[in-house]
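Close look at the chain arrangement
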Amino acid sequence: MNNTEKLQAFDRLLRLVDELREKSPWSQEQTMRSLRPLVVEEAFELSEAVLADNRDAIKQELGDLLLHIVFYASIATEQQSFTITEVIQGLCDKLIHRHLPIYGQAEAADVHAAGKNWEQRKLQEKGNRSVLDGVPSSLPSLIKATRIQEKAGRVGSGWQRSEEVWPKVQETMQNFAEAVRQHSDSDDEPGQDGVQEAIGDLLFALAGYARLIAIDPDAALEETNQKFIQKFQVAEQAGPSNKRGSQCSPQA
């Protein structure tokens, strides 16, 4: 597809959204806030399609996300806040600014230097005090742990090699075992005697190790979730007597 065809397709979408906004009762009622849960849902549906490597579904979900982007911009245009043109131009300007070595305005010795430059430019653009300010607080915790460590790693902080993390994984596993032992000897509620903290430390260390051996811990956990679901549903269809946890373990 050449650039003319791409522009024509995008122009068609813009005109369709404007027409729906004018004539569709449902579209007319939508606001940025009402669309928020829908766009979050679409993002998760895209994530599922990517994990399943379903290219047809990926194409469809990308279209759904694009619709929301254009829809948001259409509402903003009505409110005289900004336009889709400003969204695109702002994105282009940001990409150029964050990739100055490519556009001849700076140099980066390697990928690590480039990553550090990227984070420093984001700090300047957004006025954040920390590179971690850019991590959305609403991210699921396991994804957030990975993003926090990625960003810290780009500026030379935190774990840089998997060999550095593995002793920490072992340490947190021992701490978890000790916290469980202490809890079993007490009358405290679960999580009040260090068990919850120990689980959190262990998950954080495992996320760091996974990241440094090029494994997405969230995708790994979701794969295990799906294995458990499949095994449970097979046992479920076979009858109540087969629903024991050992029968449904994803490792079984």
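Report on the accompanying structure. (Residues numbered from 1 in each chain as written. Predicted model: local features only at pLDDT ≥ 70, side-chain atom pairs only at ≥ 80, totals over all residues. Heavy atoms only, no water.)

Things to note about the environment of Ala 49
When you line up the elements, Ala 49 lands in helix α3 (residues 32–51). With residues up to four places along the chain from it excluded, the contact list for Ala 49 reads Asn 54, Ala 57, Ile 58 and Glu 61. (Helix = DSSP H or I, 4+ residues; strand = E, 2+ residues; numbered from the N terminus. Contact = heavy atoms within 4.5 Å.)

Re the side chain of Thr 172
On the secondary structure map, Thr 172 appears in helix α8 (residues 162–184). Residue Thr 172 is classed as buried on the basis of its relative accessible area of 3%. Polar contacts involving the side chain of Thr 172 include one to the main-chain carbonyl oxygen of Val 169, which spans 2.9 Å. Contact partners of Thr 172, with chain neighbours within four places excluded, come to Asp 201, Leu 202 and Ala 205. (Buried < 20%, exposed > 50% of the residue type's maximum accessible area, 1.4 Å probe, protein only. Polar contact = N/O pair within 3.5 Å; in protein donor to acceptor, adjacent residues only side chain to side chain.)

Examining helix α7 (residues 141–154)
Think of an α-helix as turning once every 3.6 residues; residues three or four places apart then point the same way. The terminal C-alpha atoms of α7 lie 20 Å apart, and with 14 residues this matches the ideal 20 Å at 1.5 Å per residue to within 8%. Every buried residue belonging to α7 is among Ala 145, Thr 146, Gln 149, Lys 151, Ala 152 and Gly 153, and all of these are buried. Backbone geometry just downstream of α7 places Gly 156 in the positive-phi region, at approximately 85°. (Expected span 1.5 Å × (residues − 1).)

Here we look at the environment of Ala 152
Within the secondary structure, Ala 152 sits in helix α7. Separated by 20 residues in the primary sequence, Ala 152 and Leu 132 place their C-alpha atoms 7.4 Å from one another. Not counting residues within four places of it along the chain, the set of residues in contact with Ala 152 comprises Leu 132 and Ser 157.

Let's talk about a nonpolar patch on the surface
Side chains of Met 32, Phe 82, Val 87 and Ile 88 sit close together on the surface and give an oily, nonpolar patch of about 270 Å² of accessible area. Summarising the element assignment, Met 32 is placed in helix α3. (Patch = residues over 30% accessible without salt bridge, like charges linked within 9 Å, V, L, I, M, F, W, Y side chains within 5 Å. Areas by Shrake-Rupley, 256 points an atom, 1.4 Å probe, with all protein chains shown as cover. Salt bridge = Lys/Arg side-chain N within 4 Å of Asp/Glu carboxyl O.)

Looking at the packing of α7 against helix α10 (residues 217–238)
The contact between α7 and α10 brings their axes to 9 Å, and the two run at 155°. One finds that α7 runs roughly antiparallel with respect to α10. Every residue of α10 that contacts α7 at Leu 142, Ile 143 and Thr 146 is listed here: Pro 217, Asp 218 and Leu 221. (Axes fitted to C-alpha atoms, helices over the stretch in contact; angles between N-to-C directions. Parallel < 35°, antiparallel > 145°, perpendicular 65-115°, else oblique.)

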